[in-house]
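# Survey of secondary and tertiary structure
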Amino acid sequence: MKEPNAIRKEIIGKVREYYQARFAENTFTPGKTKINYAGRVFDEREIQFAVEASLDFWLTEGRYSELFAEKIAGFLGVENVLLTNSGSSANLLAFAALTSEKLGDKRLKPGEEVISVAAGFPSTLTPIIQYGLVPVFADVCLVLLIST
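What this report covers is the structure whose coordinates are included nearby. No experiment lies behind these values; they were computed from the predicted model shown.

### Describing the packing of helix H1 (residues 4–23) against helix H2 (residues 44–55)
Contact pair H1 / H2: the axes reach a minimum separation of 9 Å and the direction vectors enclose 145°. Note that H1 runs across H2; the crossing there is right-handed. Each of Arg8, Ile11, Ile12, Val15, Arg16, Tyr19, Gln20 and Phe23 in H1 lies in contact with H2, whose residues at this interface are Glu44, Ile47, Gln48, Val51, Glu52 and Leu55. For the contact of H1 with H2, the residue count by class is eight nonpolar, two polar and four charged.

### Focus on the side chain of glutamate 52
Within the secondary structure, glutamate 52 is located in helix H2. For glutamate 52, a relative accessible area of 17% gives the class buried.

### Description of the pairing of strand E1 (residues 113–117)
Every second residue of E1 is oriented toward a common face, the buried set being Val114 and Ser116 and the non-buried set Glu113, Ile115 and Val117. In terms of strand pairing, E1 meets strand E2 (residues 134–138) through five bridges, oriented parallel. From the neighbouring strand, valine 114 faces E2, where its bridge partner is proline 135. Regarding the hand of the β-α-β motif, the stretch spanning E1, helix H5 (residues 122–130) and E2 is right-handed.

Parameters at a glance
Residues numbered from 1 in each chain as written. Predicted model: local features only at pLDDT ≥ 70, side-chain atom pairs only at ≥ 80, totals over all residues. Heavy atoms only, no water. Axes fitted to C-alpha atoms, helices over the stretch in contact; angles between N-to-C directions. Helix = DSSP H or I, 4+ residues; strand = E, 2+ residues; numbered from the N terminus. Left-handed = near helix turned anticlockwise from the far one by under 90°. Contact = heavy atoms within 4.5 Å. Nonpolar A, V, L, I, M, F, W, Y, C, P; charged D, E, K, R; others polar. Buried < 20%, exposed > 50% of the residue type's maximum accessible area, 1.4 Å probe, protein only. Pairing = 2+ DSSP bridges. Right-handed = clockwise from strand over helix to strand, strands pointing away.

Right under this line is the structure:
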């Protein structure tokens, strides 16, 4: 029977082979490749990391999350980083923090106004309302200056 590390190496090699067969044609070429406003962007390394995490049966936060948190904390020069599963969850946690009584008089209180984008995701607006705050929408206005 093969050693687990040898099997893992073989699987990761097959993932690389699979990526080349399935997705290699999607390689980005500056100035030529169409850039969609949304969608998946990945390379063979992302698939390999996902498979490696699955092989360790880390289906949620695991060593890659811990490594990312450490690196982003170092990059930002902060002591603590809290990872979330989405930007929507991050927005909710941000407003939980901003309205926390631990902030004392500095906290946002129900009825206070919060500036938000006029055209955005519902999950940007929902936490504002959920915490009893009043959204004030900001939008851009194109101004044409004509010199005479």
